[in-house]
Structure formats: C-alpha cells, structure tokens
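# Examining the three-dimensional arrangement
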4 protein chains.
Amino acid sequence: MLRTVMANLNKVLLLGNLTRDPELRYTPKGTAVADLSIAVNRRVSDGAGNWTDETTFVDVTVWGNTAENSQKYLTKGRGVFVEGRLQLDTWEDKQSGQKRSKLKVVGETVQFLPDARGGGVPNGGGGSPSPSARPAGGGYANPPQGGSAGPDSDYDDEGDDIPF
Amino acid sequence: MLRTVMANLNKVLLLGNLTRDPELRYTPKGTAVADLSIAVNRRVSDGAGNWTDETTFVDVTVWGNTAENSQKYLTKGRGVFVEGRLQLDTWEDKQSGQKRSKLKVVGETVQFLPDARGGGVPNGGGGSPSPSARPAGGGYANPPQGGSAGPDSDYDDEGDDIPF
Amino acid sequence: MLRTVMANLNKVLLLGNLTRDPELRYTPKGTAVADLSIAVNRRVSDGAGNWTDETTFVDVTVWGNTAENSQKYLTKGRGVFVEGRLQLDTWEDKQSGQKRSKLKVVGETVQFLPDARGGGVPNGGGGSPSPSARPAGGGYANPPQGGSAGPDSDYDDEGDDIPF
Amino acid sequence: MLRTVMANLNKVLLLGNLTRDPELRYTPKGTAVADLSIAVNRRVSDGAGNWTDETTFVDVTVWGNTAENSQKYLTKGRGVFVEGRLQLDTWEDKQSGQKRSKLKVVGETVQFLPDARGGGVPNGGGGSPSPSARPAGGGYANPPQGGSAGPDSDYDDEGDDIPF
DNA sequence: TTTT
DNA sequence: TTTT
C-alpha cells in the first residue's frame, strides 16, 4: 500500500505569566537554550456557581535568539504569548535501565505582553533605561511606565468576575 | 455511500488592539450584539533586512454577555485576545438582485490584556473606581494603575526590533 | 514613551472539504496564486435536542508552490487542513469612488487529508498512477485506494450523532 | 492594587494517528476515562536538502462520553484531530517522598478523520454495520468503504515530498 | 520550584 | 472608519 500519510499538526498556544526569570544556558555545542516557566490560569466552575482559578504550570524550552532575548527581556511575572509544539524527550534511566520519557513544550515564537503592573523596568533603577535594557519581545518593545505599584498593590480579587 | 464526514475546524485566534470603542446594539429580538474592531500587526520583511509593520483590521462580532461586557469594559486602544470562528454572511442585493456575501469573524471568547499605557480606567476619574466601572474581561480584571505616561510618552520606536 | 507594542496574533485554522477544484492563475509578475473554496461544517443545536450541520464556505488564497501544488493535487471534495491568517483587502470602487474592503483568508500551509471516499486518483485512469500524479500534501502522500464504495454507499446519515 | 489578571490561554491542537486502540477505564467514582496515544509527524530538514519525519508521541486523556466513544469508534492507526489543553499532574513519590510532576494533554474535543486505508469498519464484518457499530466522531460518521486496497497498495513512499 |  |  502506498503510504497514506495524514495531515499532521502539533501546536501549543499559551498565554500566561512567567513564574520566574528565564534561565539561559548553553549546550556543549554553544547553542543558547532557556526554560520559561509559565503559569496559565483557567476559570473552573464547581457547578454551584463558584469559580476558582486553576493554575497550570508549564515549562517551555526556547532556543537560539529566542532564548537569549528571553533572558534579556523577560522577567518573573511578565505576561507572555507562546506558540510552540509538544516534544517527547525520551532517555534511559541510568539506574534502572528503564525507558523514561517526559513531555515538554518547545516554544517557537515568544511575544510578550504589556506589564500589567504598569511598573518600572524589571530590576530597574530610577534612571532612564539603557537601550540594551529595553524590554522587548517579538520585535515588540515594552517600556518602563514610571509608576510604582505602591501601597495599593496588595492582591485583591473581589468583585472581578465578569461573566464575559 | 454513507456520509463520510470529515473532522471540521473553523477557528480564528486574534491578539491585537481595538481601533475604537465597541458599539453595542440590540437585535429586534433583544439580543445584545457588538462589533469589535481590532488592529493586528505583523512584522513583514522586504527581504533586504528592513522590517515594517503591516496592519490588518478585523471586525469581530460578539453576542450576548460578551457584547455587553465588551461595551462596558473595552475601549479604543485596548489589547484583546479573541477566539472565534469565521462566518460567511450572505444576502441578496436589493438593487441588483445579485447574491452577495461577506466574511466575518464571530468572537466566542474575549479576554483583555493589561493596558500597555499603564493608564487609568477608561473614561475614569481620579478616585477609586466603582465596582461596576472596573475594566475586566473573561472574568479578568484590569485595574487603574495610577501613573501618567508623562512627558516621556511621545511615540518612539527606534531600536526596538528585537530578533526574537 | 517608548512604543509599547502588544503581542499580536492573526491565525486561522480550518479543517474542511474543497467545494471545487482549485483554480490556479498567475499575477502579472508571474506569481502563482490559487483560491481554495472550503466548506467547514459545524454542528448546531436548536436547544431542543436537534442538531443540524451549518456550513461555512471560506475562500482561502494560497501563493507560490502551495498554489501550484494545490492545483496539482487537490480536487473537489478533498479534505484539507489549512493554517493561515486573515487579510483585509481594500480598494476603491471605480464606479462610486467609495472605499470597499473584503476580508480574506491567506493560507500559509495546506495539508490534505485522506480521501474519505476511499476512491481513486482524482481524474485518475485505471492504471498505476505516475509518480508525478500522486496526490500529496505538506510532504504527505495520499494514494489511490482502488476500491469501489459498493452498494452500501448511498448517502445515509441517520443515527450518526455520536455525543462525543 | 486590584488584580490585573492577564488573558490566559492553554490550547493544544493535534492532528495525527493513534498508535494503539484507546484503553477505557473508570475512576473509582465511575467516570469514564481513556488514553489516546497519538503519533504526530513533522517534516524536519537537516539543512542539506534532506527531509525526514520526526515523530512525536503524545498521550491524550479524554473523559466521560468522549472516552467511551473513543473506545467504541477509534482504533489503532486512525487519524484524529484533538483540541485540548495541557495539564500538569503532580504527586509525591512514595519511595523518595519527592515531589514529582508530569505534563499531560487533556483532550476536550476529538474528531476523527477518514480512514486513510479506505478499509472497512474496525473489527467489522462483511454485512451492513449496525447503527451502534458505526464509527463516528464529533457527531461525525465514518462509514465502511467496502473496497480492498488492491494490488497497487504496497507501501511506497518515494517521490512523495511535495514542496507545498 | 511557582505567575496574575 | 483605524490600534500599538
């Protein structure tokens, strides 16, 4: 029989917040790689009119320029949009000799969202940011916005459930 | 032959900014409906190392609660994420009697993004926003952030092309 | 203010069937372009337990190799998976001088699905297909399957509503 | 500060083939659950003009009716389209007491594609299928097609790389 | 190991 | 009719 190959699609779309600063490292061959840890929230109903946020923590691996720019421009708390694919890493457990595998997400494009906190540059001082410190993503910049979250910034969630 | 129905998918995903305030109206039957006009930018290369932004303007129709909340909480300039589907409206042109059609996007879910400008509530005064005036989307709120963009806020685009 | 560019996304995903053979043409500059007409079905409930199929007809424009291969390998009835983006064509109406616009879908990748009818090569004769006539998509082949649908093949749709 | 919740998205789209028959089981509470093992192929270039297929194996968990219908209607080799989300299962390793986690895909909708092999009903006999034995997915049916792949149907993959 |  |  001729090969009847199916159309194939392996796509992951994530919109969420970084749970920590990206960690940049290099492979032995010198390729940049970084892991983005993203928290994605989902409203879940208990069926009795109560909604809670269920959070999924997803690690996304990015390579090359994307890795280097992620480390440069993304920081904990930042909102990001990631388009990527699933990858199943497989290896043999050295101790047991058993086959092991782990599902991962490889990020192909990363864009970042405006800083919800309207806050300054991550780790930023009080002065003008240097050009190289400008947060940016996907060719998209995101500036400092001067304000401090200040004393009003305690977490406060009441009354925000809009039945969109 | 039995019907061999294919899997079907009709999905539109948009992330962009509103080009104007949503306009809420009602059908004769009383159903709320609103049109969101969204500008989506795409970086386009001319092949010679120059990148420009190409903007696509997309109108998205939303219904019911989504329409009402869009009108309440979304304003011109706002970033939104829309998940929807394509719809082909067809009608007969009264004058010519010809069949006409128009491709549209129906928005099924709308979420909004933090205000990039770090600005206050849309149309907002200086005090605490009333609960009903809180901008929110998808069950997600977006608060005033107190800051003013200030004198630095002139549009400035140089140096922002990060090769992500 | 620095430019606070939003993340942007303009994505269309379609899975459906071609309503006619693709029509290949060339621009004055010699670029291949084809229009794919795709029917996408959606199950719609009337709220009273009855489900009907609502069909959306979407025209997708494809360029270059994708256009040429679409014309070579895709035929009416074929299942296709398209990933693309929305595009708003705008022009001035010559008669009225008014600005007009039309929302279109540009297909960036096209893959095709196995022929649900289990039928032979499109336009195919009885013999072995020549290599160049092999239907394929996205680097994916789809062979002739030689069989006849047989006497059971009258259209028959009852009882197929699986509450998946 | 009010909660400035980001838009959130956690979406997985897969189009591939089942590597084995779905396994249906029930939770202690009686909820049906099944695991679909899906192979998704991706064309990968080595940069020197050679393309190979890289296969990613993804396990997808489906619940309730979707689980039961998957077991009824889906079989090894079948093409499926899955729309779902990522989920991170976490638990404590009993032996080591360490926190462990595993990324999974939860399938929210499953549709199936026509059988590329043009073959009959899975496990099917020669007669008319009973209504309950009709393969179907997403409210979509897929009939027996009676034919035999015939003498042309030897596996043959050369020359199929269409530069779509 | 967790973000908002 | 356009947003950033």
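Note that the structure is a prediction, hence the values are computed from the model and not measured. Each chain carries its own residue numbering, running from 1 in the written order of its sequence. To read the labels, note that chains go from A and ligands from 1, taken in the order they are written. Where totals are concerned, whole chains, interfaces and linings use all residues; where local detail is concerned, this predicted model gives features only for residues with pLDDT of at least 70, and gives and counts side-chain atom pairs only at 80 or more. In computing side-chain values, all of the structure's heavy atoms are included and hydrogens and water are not.

Below, the discussion takes up the overall build of chain A. Looking only at helices and strands, chain A features 1 helix and 8 strands. Numbering of helices and strands runs from the N terminus, with a helix taken as a DSSP run of H or I at least four residues long and a strand as a DSSP run of E at least two residues long. Going residue by residue from the N terminus, the α and β elements of chain A occur as β-β-β-β-α-β-β-β-β. Burial classes: relative accessible area under 20% of the type maximum marks a residue as buried, over 50% as exposed, and values in between as partly exposed (1.4 Å probe, protein chains only). In chain A, buried positions account for 48% of the 164 residues. The contact rule is simple, with two residues in contact once any of their heavy atoms fall within 4.5 Å. Of all intrachain contacts in chain A linking residues separated by at least 6 positions in sequence, the fraction that spans at least 24 positions is 61%.

The subject of this paragraph is the pattern of salt bridges. All names here are of chain A. The term salt bridge refers to a pairing of a side-chain nitrogen on Lys or Arg with a carboxyl oxygen on Asp or Glu at a separation within 4 Å. Summed over the entire model, instances satisfying the criterion amount to 32 salt bridges over all chains. We note a salt bridge from R85 to E108, for which the minimum N-O separation is 2.6 Å. Taken together, the residues span a long stretch of sequence, with R85 in strand β5 (residues 79-92) and E108 in strand β6 (residues 99-112) at a distance of 23 residues. Exposure remark for R85: the relative accessible area of 12% places this residue in the buried category. Given the relative accessible area of 38%, E108 is considered partly exposed.

Below, the discussion takes up the pairing of strand β1 (residues 9-18) of chain B. Sheet faces and side chains relate simply in a regular strand, where the side chains alternate between the two faces. Taking burial as the measure, the 10 residues of β1 of chain B include 10 buried ones, the bulk of the element. Where β1 of chain B and strand β1 (residues 9-18) of chain C come together, 7 bridges link them in antiparallel fashion. The residue of β1 of chain C that forms the bridge with L14 of chain B is N10 of chain C. Whether two strands pair comes down to DSSP finding at least two bridges between them. The pairing of β1 of chain B with strand β5 (residues 79-92) of chain B spans 6 bridges and is classified as antiparallel. Bridge pairing links N17 of chain B to G79 of chain B in β5 of chain B. The pairing of β1 of chain B with strand β3 (residues 32-45) of chain B spans 2 bridges and is antiparallel. Among the inter-strand pairings, L18 of chain B is bridged to a residue of β3 of chain B, identified as I38 of chain B.

With that settled, the discussion passes to the pairing of β3 of chain B. All names here are of chain B. Taken across its 14 residues, β3 has 10 buried, putting it largely inside the fold. Of the strand pairs in this sheet, strand β2 (residues 23-26) and β3 are connected by 4 bridges, and their pairing is antiparallel. Looking across to β3, one finds that Y26 is bridged to A32. Remark: 5 residues form the turn of the hairpin made by β2 and β3, two consecutive strands paired antiparallel; G30 in that turn has positive phi of roughly 95°. The pairing of β3 with strand β4 (residues 51-63) spans 13 bridges and is classified as antiparallel. Across the sheet, R43 pairs through a bridge with D53, a residue of β4. Between β3 and β4, which pair antiparallel and follow one another directly, the connecting turn spans 5 residues, one of which, G47, has a positive phi of 85°.

Mapped onto the fold, F57 of chain C is located in strand β4 (residues 51-63). When the C-alpha atoms of F57 of chain C and V40 of chain C are compared, they prove to be 6.4 Å apart, with 17 residues separating the residues in sequence. Setting aside anything within four residues of it in sequence, one finds F57 of chain C in contact with L88 of chain B together with T19, I38 and A39 of chain C.

Time to look at the confidence of the model for chain A. As a per-residue measure, pLDDT tells how confident the predictor is, with possible values from 0 to 100. Here chain A shows a mean pLDDT of 75. Residues at 70 or above account for 67%. Here residues 119-161 of chain A is a poorly scored stretch, pLDDT under 50, and it has 99 contacts once near neighbours within four places are set aside; other chains count.

Okay, the side chain of K11 of chain A next. Residues and elements named next belong to chain A. Turning to its location among the elements, K11 is positioned in strand β1 (residues 9-18). Among the residues examined, K11 registers a relative accessible area of 7% and is labelled buried. Nitrogen and oxygen atoms within 3.5 Å of one another constitute a polar contact, given that in protein one can donate a hydrogen and the other can accept it, and given that sequence-neighbouring residues count only through two side-chain atoms. Only 2.9 Å separates the side chain of K11 from the side chain of E83, close enough to count as a polar contact.

A separate point is the environment of N41 of chain D. One can find N41 of chain D in strand β3 (residues 32-45). Along the primary structure N41 of chain D and G16 of chain D are separated by 25 residues, whereas in three dimensions their C-alpha atoms are 7.2 Å apart.

Relative to the elements of secondary structure, N69 of chain A occurs in helix α1 (residues 64-73). In the structure, N69 of chain A is positioned 47 residues away from P22 of chain A in sequence and 9.7 Å away in space, judged by C-alpha atoms.

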